Amino acid sequence: MDVIAKIEAGERITFDEALALYDHDLFVLGELADIGRKKLHGNKTYFNINRHINPTNICKDVCKFCAYSASRKNPQPYTMKHEEIMEIVDDIAKRGIKEVHIVSAHNPDTGLDWYTTVFSKIKAKYPELHIKALTAAEIHFLSEEYEKSYDEIIDIMIENGVDSLPGGGAEIFDEEVRDYICKGKVTSEQWLEIHRKWHERGKKSNVTMLFGHVEKRKDRIDHMMRIRDLQDQTGGFNCFIPLVYQSENNYLNVKEFITAHEILKTMAISRIVLDNVPNLKAYWVTSTVNLALVAQEFGANDLDGTIEKESINSAAGAKSAHGVDLQEFVDLIKDSGFTPVERDSLYKELKVW
Ligand code: V47
């Protein structure tokens, strides 16, 4: 059976078949990706009303692609006090925001409690607010810095009220590329191990892939295959999020930019390969809103959310520092022929707009 017939029949494809998909016409890939999208989600496109908080940019690790860390080309270090974080949370809770996404750099000067007890303060005051917090890279950093096992850090997070894990820090799992772009931080195996442990506690997480820099197509497929393998075992990933590399203010000297064509092919192929991950997010922050809307035709069924404020990707050139207007976002989804559905953080439908 050829690969197209296999995909149409809902059969799983191999690494070689996935890699060879890049040689197909973009629109053929779009149609194939749409089979999986339609089967699971019909015409719905999910989003949530969320707010990102990035409490410190002081980092002991050095990732070449990062423009956010204060020790690099961004000369303005900051660390928020819990009171400042709570002021933001008070404000967003008042305005009905349902999810707070809290991720930081790896700051060795704050103490473990600074990282973890803010969650219990938020939960005590706003039990309904979903806390998506700490990437596997942060968990690994806290585990090394404070000599605790991953299990101990994860249990502390859960005791303090963290509801789900974001997908950050996955970057690219291929060890050679990973060593080149972010040597010294959580390894691929460790990243996957932390998510496995999280899933084993009955909790959900997301998984990202940073692409469009020095990686090759084969590295993207390898990344997807490692996710698919873990998902077969745990079923804990809610969503796959390909992050398009932003090139400003960092030390990864990439001269050639990935094309919209290659981004859409990668999105479509990820929908086909990741047959066991229900949601594919077109993260408008790194793809632009316009391309994220087009990606709905190439397998994507989730556009993240309104975000409000974002510091990590915007430091590297993304136009996300101030989020997007809710009504505008909804209208754009409708105008592109899809049904905007507001979801909660675990993909329960809240409102069809
Ligand atoms: O882990 C850093 C990436 C991630 C750059 O789980 C960059 O729902 C592009 O993980 N160009 C943080 N990307 C963001 C993230 C995320 C975002 C939205 C939703 C979720 C989720 C997770 O941003 C980092 C890193 O991979 N990043 N620098 C850059 N120059």
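For the structure, see preceding data.
All values derive from a computational prediction rather than experimental measurement. (Residues numbered from 1 in each chain as written. Predicted model: local features only at pLDDT ≥ 70, side-chain atom pairs only at ≥ 80, totals over all residues. Heavy atoms only, no water.)

### Details of the site of the ligand
Close contacts around the ligand come from 23 residues, with Lys132, Gly167, Gly169, Glu171 and Gln246 the closest. Separating a nitrogen atom of the ligand from a backbone N or O atom of glutamine 246 is a distance of 2.8 Å. Here the ligand has 600 Å² of accessible area as a free molecule, and 96% of this is covered by the chains. With respect to the detected pockets, the ligand is housed in the largest cavity. Put simply, the parts of the chain that give the shell around the ligand at least two residues each are β5 (205-211) and β6 (237-244). Split by residue class, the shell around the ligand holds ten nonpolar, nine polar and four charged. (Near = heavy atom within 4 Å. Polar contact = N/O pair within 3.5 Å; in protein donor to acceptor, adjacent residues only side chain to side chain. Areas by Shrake-Rupley, 256 points an atom, 1.4 Å probe, with all protein chains shown as cover. 1 Å grid on protein atoms, 1.4 Å probe; cavity = no way out; pocket = protein on both sides within 12 Å on 5 of 7 lines; lining within 4 Å. Sits in = over half its atoms within 2 Å of the grid points. Helix = DSSP H or I, 4+ residues; strand = E, 2+ residues; numbered from the N terminus. Nonpolar A, V, L, I, M, F, W, Y, C, P; charged D, E, K, R; others polar.)

### What about the sheet that holds strand β9 (residues 339-343)?
Spatial strand order, β8-β1-β9-β10: four strands in an open sheet with mixed pairing. The open sheet terminates on both sides in strands that have one partner only, identified here as β8 (302-305) and β10 (349-352). Sheet twist, expressed as the average angle between the axes of neighbouring strands with direction ignored, equals 30°. Inspection of the sheet shows strand β1 (residues 44-48) paired to β8 by two bridges, in the parallel sense. Among the inter-strand pairings, tyrosine 46 is bridged to a residue of β8, identified as aspartate 302. (Pairing = 2+ DSSP bridges. Axes fitted to C-alpha atoms, helices over the stretch in contact; angles between N-to-C directions.)

### Considerations on the nonpolar core
Within the largest apolar cluster, 114 residues are counted, with the highest numbers of intra-cluster contacts made by Phe65, Ile139, Trp191 and Phe240. Looking at this core, the element that brings in the most residues is helix α11 (residues 260-273), giving seven residues. Sequence-distant contacts of isoleucine 139, defined by excluding residues within four places in its chain, comprise Leu134, Tyr150, Ile153, Ile154, Met157, Leu165 and Ile194. (Core = buried A, V, L, I, M, F, W, Y, C linked by side-chain atoms within 4.5 Å. Buried < 20%, exposed > 50% of the residue type's maximum accessible area, 1.4 Å probe, protein only. Contact = heavy atoms within 4.5 Å.)

### Some details on the side chain of lysine 281
With respect to the secondary-structure elements, lysine 281 resides in the loop between β7 (279-280) and α12 (284-287). A distance of 2.7 Å separates the side chain of lysine 281 from the side chain of aspartate 304, its partner in a polar contact. Dropping the residues within four chain positions of it, lysine 281 is found in contact with Lys132, Asn206, Cys239, Phe240, Ile241, Pro242, Met267, Asp302, Leu303, Asp304, Arg343 and Tyr347.

### Thoughts on the pattern of salt bridges
What the rule picks out here adds up to 25 salt bridges. Residues participating in the shared-partner salt-bridge network are Asp151, Asp155, Glu193, Arg196, Lys197 and Arg201. (Salt bridge = Lys/Arg side-chain N within 4 Å of Asp/Glu carboxyl O.)

### With respect to the packing of helix α7 (residues 150-159) against helix α9 (residues 188-200)
It is at 10 Å that the axes of α7 and α9 come closest, and there the two elements cross at 50°. The angle between α7 and α9 places the two elements in the oblique class. When you trace α7 past α9, the crossing you get is right-handed. Taking contact as the criterion, the partners of Tyr150, Asp151, Ile154, Met157 and Ile158 in α7 are, on α9, Gln190, Ile194, Lys197 and Trp198. Looking at the contact of α7 with α9, its residues break down into six nonpolar, one polar and two charged. (Parallel < 35°, antiparallel > 145°, perpendicular 65-115°, else oblique. Left-handed = near helix turned anticlockwise from the far one by under 90°.)

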